[in-house]
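Secondary and tertiary structure notes
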Amino acid sequence: MTELADFLTAQPMLALFATIALGHMAGAVSIRGFSLGSGAVLFVALAVGAFAPGAAMPSSMGALGLLLFLYGVGLAYGKQFFDGLTSPLGLKANAASVIGVLIMAVMTVASIWLFPDASLPETLGVFAGAGTSTSSLQAAMALTGDNLPATGYSVAYPFGVAIPILVIGLYNAVFRPKIAPQERISLKMYAVRIENGYVVGKTLHDLAGWLPDGVAASTVYRDGEAHSAEVHGPLQLGDVVLITGVDTEQMLKAEQMLGVHMGDTFRRSHGELDYLRLFVSNTKLAGLTIREVKKLLKVETSFLHVRRVDEDISVTLDSTLEIGDQIGVLAHIEDIPELRRVFGDSVRASGEISFIGIGVGVALGLGLGAIPISLPGVSFALGFAGLLLVALYLGKIRSTGRLTWTMPVPANLALRNFGLSLFLAQVGMSSGKTFVETVSHSGLYLLLGIVFVTVLSLTVLLICLYVFKLPFDMAAGIMSGATGNPAIIAFTSRTLGTDKPDIGYAMIFPSMTILKIVVIHVIGAIMGGG
């Protein structure tokens, strides 16, 4: 066994990727529907770290993995995060999480007062580890002026990951809450015959500002011929107009405004125009609007929708294209080769990313995270929470001019899942020896860590479920954001199979990271540690 430990120590890169492989193999094992998923990487890494502590890679390797994960999550859920800040859902999520973190803070102060063996530095480390917050650990070490908080952190951290995973898994297995299936937003197409007189004389461009939000009119069929908005004149009674949208209620309103429903198929209402879905893989189109793309085309084309992140989006002339989009068009058969040439139409686009966008975005995020923030009696930096905030904003705006911030979903998933595995493996391997030694010599911090994270997890989850009546998948995501570790949200998303956990996590994680840092300084001020 000593020879194996020496070999792993001499080959740390091999040890790292072997740990990742073994962790995912263990995480795939399901016992009565319960499995650890990527969270198992951390526990395998703890064992490897205890067995061969010299095999641990530098902390910068884990930081890189965490960076990739947080940046990918931010880009994917920026819109949902900002929508939730002022929405009733966002307010409820933040309220439940704040209550949970503050209760854990009160328990931290009480533990220092009640247990003579509980020192301020190490108990602050337990608080940071129970909340799996590296930023809080850094704040605690800066406050105490030593590395003692790392001891409490190393004991509590594994339980800060394991217990929330167990809470979510066991609640789901025992209570079997109803989870609404993932809603896929799909395009609806109606062919409507013009019978309302006040529409006569209007053009398709006129209808763009008159129809309900999210509904577009793209093509007119008259006298056996179909044409796009650019070449068709004023509407006449009896014309058949193709309208598209994703909201059934809005589509029905538009239908009533125009006339009579004639059907939903292209063949019945659009003559020689054929439907085609094209991959946007031509990098020259990234960031261009539909209006600008139309000027590049030399053929008559009606743009119906864009499919992005498994959802259909109605398009307007101001809609912006991204690499990896699939765009649905109506065009003449003979024009299809030209359209494929312009758009690229290559599936390889789903794996391509803008390294300029990643480089600039990450640099901006790390820069924001390094800026010191001073409040009365408290000074701190956001750290990686700043990176996440920038990524969320870039994910919301999606592009700036021709610079695209987002990336195709397959590339995003691959990047952030690899980053998560890298982070968990490095952290576990570097903490394994300390974890075993501390647990064997100090049961108090072990007990405090278990109690802290259990109370935090249950408080947030139960408030979301039974006070705010939120669905379980959203409540689990909020709890994951309050407890903080990426492995928790990865397990939750995979187990529950919807995107609500990721949305809840993205809404909560940045604000709770900041709150935990502030709590460290407040506890230090109360206990006379800073």
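Remember, it's a predicted structure, so these values are computed and weren't measured experimentally.

Brief notes about unusual backbone geometry
For Asp345, which is not glycine, the phi torsion reads 50° and is therefore positive. Topologically, Asp345 is positioned in the loop between α13 (336-343) and α14 (355-370).

Overview of the pattern of salt bridges
For the structure shown, the criterion picks out five salt bridges. Put simply, Arg340 and Asp345 hold a salt bridge, and the shortest N to O gap is 3.3 Å. Classification of Arg340 by relative accessible area gives partly exposed; the value is 42%. On the basis of relative accessible area, Asp345 is assigned to the partly exposed category, the value being 25%.

Regarding the side chain of Thr144
Relative to the elements of secondary structure, Thr144 occurs in helix α7 (residues 134-144). Classification of Thr144 by relative accessible area gives buried; the value is 19%.

Considering the nonpolar core
A general trend in soluble globular proteins is that nonpolar side chains are found buried together. The biggest cluster of nonpolar side chains holds 106 residues, and the ones touching the most others in it are Leu16, Tyr71, Val460, Leu461, Phe472 and Ile478. Of the residues forming this core, the biggest block, 12 residues, is contributed by helix α20 (residues 500-527). Residues in contact with Tyr71, not counting those within four places in the same chain, are Gly357, Ile358, Gly361, Val362, Leu387, Ala391 and Leu394. Counting residues in each nonpolar core, the second largest holds 19 residues, with Leu276, Val280, Leu321 and Ile336 among its members.

Some remarks on empty space enclosed by the protein
This structure, assessed with the given rule, holds one cavity of 30 Å³ or more. Considered as a void within the structure, the largest cavity measures approximately 40 Å³ in volume. In this structure, the largest cavity is lined by Leu42, Leu46, Tyr153, Ser154, Tyr157, Pro158, Val427, Gly428 and Ser431. Elements supplying a minimum of two residues to the lining of the largest cavity: α3 (40-51), α8 (149-175) and α16 (409-441). Tallied by class, the residues present in the lining of the largest cavity amount to six nonpolar, three polar and no charged.

Each value, and the rule that gives it
Residues numbered from 1 in each chain as written. Predicted model: local features only at pLDDT ≥ 70, side-chain atom pairs only at ≥ 80, totals over all residues. Heavy atoms only, no water. Helix = DSSP H or I, 4+ residues; strand = E, 2+ residues; numbered from the N terminus. Salt bridge = Lys/Arg side-chain N within 4 Å of Asp/Glu carboxyl O. Buried < 20%, exposed > 50% of the residue type's maximum accessible area, 1.4 Å probe, protein only. Core = buried A, V, L, I, M, F, W, Y, C linked by side-chain atoms within 4.5 Å. Contact = heavy atoms within 4.5 Å. 1 Å grid on protein atoms, 1.4 Å probe; cavity = no way out; pocket = protein on both sides within 12 Å on 5 of 7 lines; lining within 4 Å. Points joined across faces, edges and corners; volume = space filled by probe spheres on them. Nonpolar A, V, L, I, M, F, W, Y, C, P; charged D, E, K, R; others polar.

Limitation: the analysis is restricted to geometry and does not speak to function.
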